[in-house]
Amino acid sequence: MNKLNSKMEFPLILDLEAFSKGSGKYMLHTVIVHSGGVSSGHYYTFVRLPQEGEGKSQWIKFDDEVVTFCSEQAAVEDNYGGEDLSIVNYFEQPQALLCENWPCGQRIHNAYMLSYVRIDEKDLLTPPVLSLEDPKYKALIERCTREAKLAEERRRERVQRMNRIEVRLTFERDLMKMKGFWPDDVPGSQTMKIDREESGEVLLREAMDMEPLREQPVSEEHVALFVLTHRKTRQVRYKHMPQQDPLKWHMQGGHPNLSEPQMSILVMVSQGYDPLTLVPGTEQDVVFHDLAEWTEELIMLVVKYFCPVKQVIVTLGCYYAQLADPLKVMLDAEDSWLSQRLQIFVQQGEVAAPPANTIWQCWEEFNRTPKEIKARDIEKSMKEEGLYCGDVVIWQPQTTAGPRRPGASEAPEDGDPMICTNVRDYAESCMNHISIIVRHMSAEAPFMPDGIHSHMEIGQPSMRSLLQRTEEDSRELAMEVPGQVKCLEMTVDARWRTDQLGSSVAKALGVEEVLAENSGKRLWLFDGGAPNASRCAPLYHSKDSEPFATLQQMGWGRNIPKRSVYVVVLPDPPEGQHNIALHFFDTDGREAGATLLSVTEEALLEQPQNGGKQLKSIIAVDPKKILALARQHLEDSAQEVRQRMGLREKEPLRLLEAFNGQITKVYRERSNTSRGGELLLWLAKADDATQSPTFLYSALRVEPDPAVESDLPENLTRCQLVEVFTMDPNPMVGAYGHPFLLPIREGQQGKEIMAALQDADGTK
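Here goes a summary of the coordinates provided. Since the model is a prediction, treat every value here as computed from it, not as a measurement. (Residues numbered from 1 in each chain as written. Predicted model: local features only at pLDDT ≥ 70, side-chain atom pairs only at ≥ 80, totals over all residues. Heavy atoms only, no water.)

**Focus on the overall build of the protein**
In step 1: Along the backbone of the protein there are eleven helices and 34 strands.
In step 2: In the protein, buried positions account for 43% of the 764 residues.
In step 3: Across the protein, contacts joining residues at least 24 apart in sequence account for 64% of those joining residues at least 6 apart.
In step 4: For the protein, the exposed area adds up to about 41,700 Å²; of that, 50% sits on carbon and sulfur atoms. (Helix = DSSP H or I, 4+ residues; strand = E, 2+ residues; numbered from the N terminus. Buried < 20%, exposed > 50% of the residue type's maximum accessible area, 1.4 Å probe, protein only. Contact = heavy atoms within 4.5 Å. Areas by Shrake-Rupley, 256 points an atom, 1.4 Å probe, with all protein chains shown as cover.)

In structure tokens:
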């Protein structure tokens, strides 16, 4: 499709009498113009406005919201289309002037639609005379006036928004609420919106009328402003902002998701005022400084304190002094600035009181990584130590202990393996902190492969990673997992070994006695999901003698989201026996209960793995003995489970092993046969503890085995048990959830089978 830009003239007066008698004459009234190509462009309109006098008129151009008067040539002749003569530089192309045909360029704007009005009825288009006295037009005029006024207000608001900036005010008491290293978002207590052309002096006057300065007698001369800026060294620090400077000089851009730019301003009050209440001191030696006369010879530092006893960093506030003063100026005098500020946190119980005659050590928090925590000499001046206005320093009682090396420390019997002795060590510990959710599971927890409970409907979407998913918010902490005994959140160190993790988890859950050698129980930790939901190797168990890896070596790091660790406490089996988990189901595929039984191995097989270099132990157990133990358990101590199973007196049982959403082995008491050969149960303890699967995922199901027609000696209609399982549409996922056995008669129609499946679905 192409747009034709050829020249086509059209008349001002269109006479149709020559074609049809009585048709009359018409005058051009409107010209609609298109400028551009076939796929894009712009439309505008020319309208003829009749004037008093014969043949007089005025043309008006309507181009979006722009309305202007124009000549008749611009409205008519200029829109014929065709070509325009090109402009040629004579000195560069003199030969073009000698050509017979002058260079031309095609017009891209031309008339698109014309509107003619019959001359003898032209008065129909005469615009009305609007009068405020005429009620017919009064409402229209008022509405147009309101719309014009509203449009002007919106325009002014847009202009103001472009010049306005949102300022977040931070006071010293806000900084004193910060814990740990410098945060990504500095807290603030007040916000205001101000024109970016205004000076810091105007901002300060407005801040004086806000809390907390409004209620206290603080003089403007005793206040200094500091703006939060991004340095070239990747630091976010405060720098002094002279009060006479416009705010726009210190803007560094706002958040990309905000319509208005933002600034963070620290309002620092002179020493002599209480940092929390801003009440001026009344002591005779109190001195108030004129901070309005700030010079480059002054420096302001954000001061913190690291408490080795409580393992916490608190912010003491802002300290200013001469750049030539040594760092120990904060310690001068018996009642020094550091001791006064520290006393506030000691009284609040946030830190422990430092010992008497403390030798102090100072660090600069250049960044939060251990390599960028730099020790500073308190005897040297701040200028010699390379400190700038807005830098962060951290004080602590001096210690001779060096930084702890990853995995080198043992967990004390009555202490915390994350104890740090200095700021650099604490920074390294924080860098390796991992927040985890600890879930204490019962040994009788229901079987949930892929995180799917057996009571869910058939065809429920696959939730293979339900219990392995990352838990990103507090709602996950309250998520109830079937079979869960207790749930808590704790912080661990990625440099710990798995035995240190197990010790800390046992202490947090209050089951430390399980770790004793003669406790008769064993603590199991699983990382890949609940032990009955994921076929994963145990992370740790308390009787393991294998070399323990660190959490870092196992892929744990600070860059991973919050994860879950599942804990199970199980009794040790008698010597020569092994624990197996049995789950009791009814014939409709619903779990009725679970138990842990000890069985004797019938055979020990060694299978090669890892290219034949290692052997893995496989325990073979007689399925008849498992069913006998299961029946004895149901008769002796699980009458309620027996009722939920719907098990009748002396009704045969069957044993199923399910794996990856399908039944792999079936043993029936009724026929004394098995499908899939002898049952091989994988135990958690093997030659390679990090690779062996867990026996809690053996997925052994015991359920009633009702008679079907095929079991009878003479049957007219044969019937057999058919496996039913759920398949995910994604072939990479495959089968999932809980399979079950459904009796199907020979010759049964598909709709009858579907009805039977729906009946089973309704009961699950």
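From this point, the discussion proceeds with the structure in view.
**Topic: the environment of Gly37**
In step 1: One can find Gly37 in the loop between strand 2 (25-36) and strand 3 (41-50).
In step 2: Taking the relative accessible area as the measure of exposure, Gly37 reaches 30% and is therefore partly exposed.
In step 3: Spatially, the C-alpha atoms of Gly37 and Lys3 are 6.4 Å apart, while their sequence positions differ by 34 residues.

**Some details on the sheet that holds strand 16 (residues 360-365)**
In step 1: Spatially, 15-14-18-16-17 is the arrangement adopted by the five strands of the open sheet, whose pairing is mixed. Both edges of this open sheet fall to strand 15 (312-322) and strand 17 (373-376), since each of them pairs with a single strand only. Averaged over all adjacent pairs, the angle separating strand axes in this sheet is 30°, with direction ignored.
In step 2: Relative to strand 18 (residues 392-397), strand 14 (residues 298-307) runs parallel, the two sharing four bridges. In the strand pairing of strand 18, Val303 is matched with Val393.
In step 3: In this fold helix 5 (residues 337-347) packs onto strand 14, strand 15, strand 16 and strand 18, with an angle of close to 150° to the strand it touches most, strand 15.
In step 4: Helix-sheet contacts for helix 6 (residues 423-431) involve strand 14, strand 15, strand 16, strand 17 and strand 18, and the interaxial angle to strand 17 is about 175°. (Pairing = 2+ DSSP bridges. Axes fitted to C-alpha atoms, helices over the stretch in contact; angles between N-to-C directions.)

**As for the state of the cysteines**
In step 1: Following the criterion strictly, the structure yields zero disulfides and no others.
In step 2: The cysteine Cys318 is free of any disulfide, with Cys389 supplying the nearest cysteine sulfur at 9.6 Å. (Disulfide = S-S within 2.5 Å.)

**Quick word on empty space enclosed by the protein**
In step 1: With the rule as written, the count across this model stands at eight cavities of 30 Å³ or more.
In step 2: Estimated volume of the second largest cavity: approximately 100 Å³.
In step 3: Lining the second largest cavity, in full, are Met441, Ser442, Ala443, Ala445, Pro531, Asn532, Val568, Ala581, His583, Ala594, Thr595 and Leu696.
In step 4: Of all the elements in the fold, those that place two or more residues in the lining of the second largest cavity are strand 24 (577-585) and strand 25 (591-600).
In step 5: The residue inventory of the lining of the second largest cavity, partitioned by class, reads eight nonpolar, four polar and no charged. (1 Å grid on protein atoms, 1.4 Å probe; cavity = no way out; pocket = protein on both sides within 12 Å on 5 of 7 lines; lining within 4 Å. Points joined across faces, edges and corners; volume = space filled by probe spheres on them. Nonpolar A, V, L, I, M, F, W, Y, C, P; charged D, E, K, R; others polar.)

**Focus: unusual backbone geometry**
In step 1: A cis amide bond links Glu211 to the next residue, Pro212, at an omega of 5°.
In step 2: Residue position: Pro212 is located in the loop between helix 4 (200-208) and strand 11 (223-230).
In step 3: A positive phi angle is found at Asp64, which is not glycine, with a value near 55°.
In step 4: Tracing the backbone shows Asp64 in the loop between strand 4 (57-63) and strand 5 (66-70).

**Considerations on the environment of Gln190**
In step 1: Assignment of secondary structure puts Gln190 in strand 10 (residues 190-195).
In step 2: With 22 residues separating them along the chain, Gln190 and Pro212 place their C-alpha atoms 9.3 Å apart.

**Focus on the sheet that holds strand 11**
In step 1: Reading across from one edge, 10-9-13-11-12 is the order of the five strands in this open sheet, with mixed pairing throughout. The strands lining the two open edges of the sheet, one partner per strand, are strand 10 and strand 12 (236-240). With strand direction ignored, the average angle separating the axes of adjacent strands in the sheet is 35°.
In step 2: As defined by bridge partners, strand 11 adjoins strand 13 (residues 262-269) across five bridges and the pair is classed as antiparallel. Opposite Val223, over in strand 13, you have Val269 as the bridge partner.
In step 3: Docked against the sheet, helix 4 engages strand 9 (164-171), strand 10, strand 11 and strand 13, running at close to 140° with respect to strand 10.

**A word on the packing of aromatic side chains**
In step 1: Considering all chains together, one arrives at 13 aromatic pairs under this definition.
In step 2: Centroid distance Tyr273 to Phe288: 4.9 Å. Interplanar angle 55°. Geometry classified as tilted. With Tyr273 in the loop between strand 13 and strand 14 and Phe288 in the loop between strand 13 and strand 14, this pair connects stretches of sequence that are 15 residues apart.
In step 3: Seen in terms of ring centroids, Tyr305 and Trp360 are 6.0 Å apart; in terms of plane orientation they differ by 65°. Their pairing is edge-to-face. Residue Tyr305 is found in strand 14, and its partner Trp360 is found in strand 16; the two are separated by 55 residues along the sequence. Both residues of the pair, Tyr305 and Trp360, count as buried.
In step 4: An aromatic cluster is present here, built from Phe181, Phe306 and Tyr426 joined pairwise through their rings.
In step 5: Residue placement shows Lys61 over the ring face of Tyr44; its charged tip is 4.7 Å from the ring centre. (Phe/Tyr/Trp six-rings, centres within 6.5 Å; stacked < 30°, edge-to-face > 60°. Lys NZ or Arg CZ within 6 Å of the ring centre and 35° of its normal.)

**Remarks on the layout of surface pockets**
In step 1: The volume enclosed by the largest pocket comes to roughly 900 Å³.
In step 2: For the largest pocket, the lining is made up of 29 residues, of which Gln271, Gly272, Val286, Trp337 and Gln340 are closest to its centre.
In step 3: Of all the secondary structure elements, the ones that give two or more residues to the lining of the largest pocket are strand 15 and helix 5.
In step 4: Top element by residues in the lining of the largest pocket is helix 5. It accounts for four residues.

**Things to note about a negative patch on the surface**
In step 1: Taken together, Asp195, Glu198, Glu206, Asp209, Glu220, Glu221, Asp290 and Glu293 make up a surface patch of like negative charges.
In step 2: Note on Glu221: relative accessible area 41%, which makes it partly exposed. (Patch = residues over 30% accessible without salt bridge, like charges linked within 9 Å, V, L, I, M, F, W, Y side chains within 5 Å. Salt bridge = Lys/Arg side-chain N within 4 Å of Asp/Glu carboxyl O. Lys, Arg positive; Asp, Glu negative; His and termini not counted. Charge placed at Lys NZ, Arg CZ, Asp CG, Glu CD.)

**Considering the side chain of Asp493**
In step 1: Along the polypeptide, Asp493 turns up in strand 20 (residues 484-493).
In step 2: Judged by its relative accessible area of 0%, Asp493 falls in the buried class.
In step 3: At a separation of 2.9 Å, a polar atom in the side chain of Asp493 contacts the side chain of Arg495. (Polar contact = N/O pair within 3.5 Å; in protein donor to acceptor, adjacent residues only side chain to side chain.)

**A word on helix 4**
In step 1: Of the positions making up helix 4, those classed as buried are Gly200, Val202, Leu203, Leu204, Ala207 and Met208.
In step 2: On the buried face of helix 4, the contacting elements are strand 9, strand 10, strand 11 and strand 13.

**Considerations on the environment of Leu114**
In step 1: Along the chain, Leu114 turns up in strand 8 (residues 109-118).
In step 2: Placed 69 residues apart in sequence, Leu114 and Thr45 show a C-alpha to C-alpha distance of 9.9 Å.

**Focus: the nonpolar core**
In step 1: Among the nonpolar cores identified, the biggest contains 28 residues, and Val303 and Trp395 are the most heavily contacted of them.
In step 2: Listed by contribution, the elements that provide at least two residues to this core are strand 14, strand 15, helix 5, strand 16 and strand 18.
In step 3: Residues Ile194, Leu225, Met241 and Leu278 belong to the second largest nonpolar core, which totals 25 residues. (Core = buried A, V, L, I, M, F, W, Y, C linked by side-chain atoms within 4.5 Å.)

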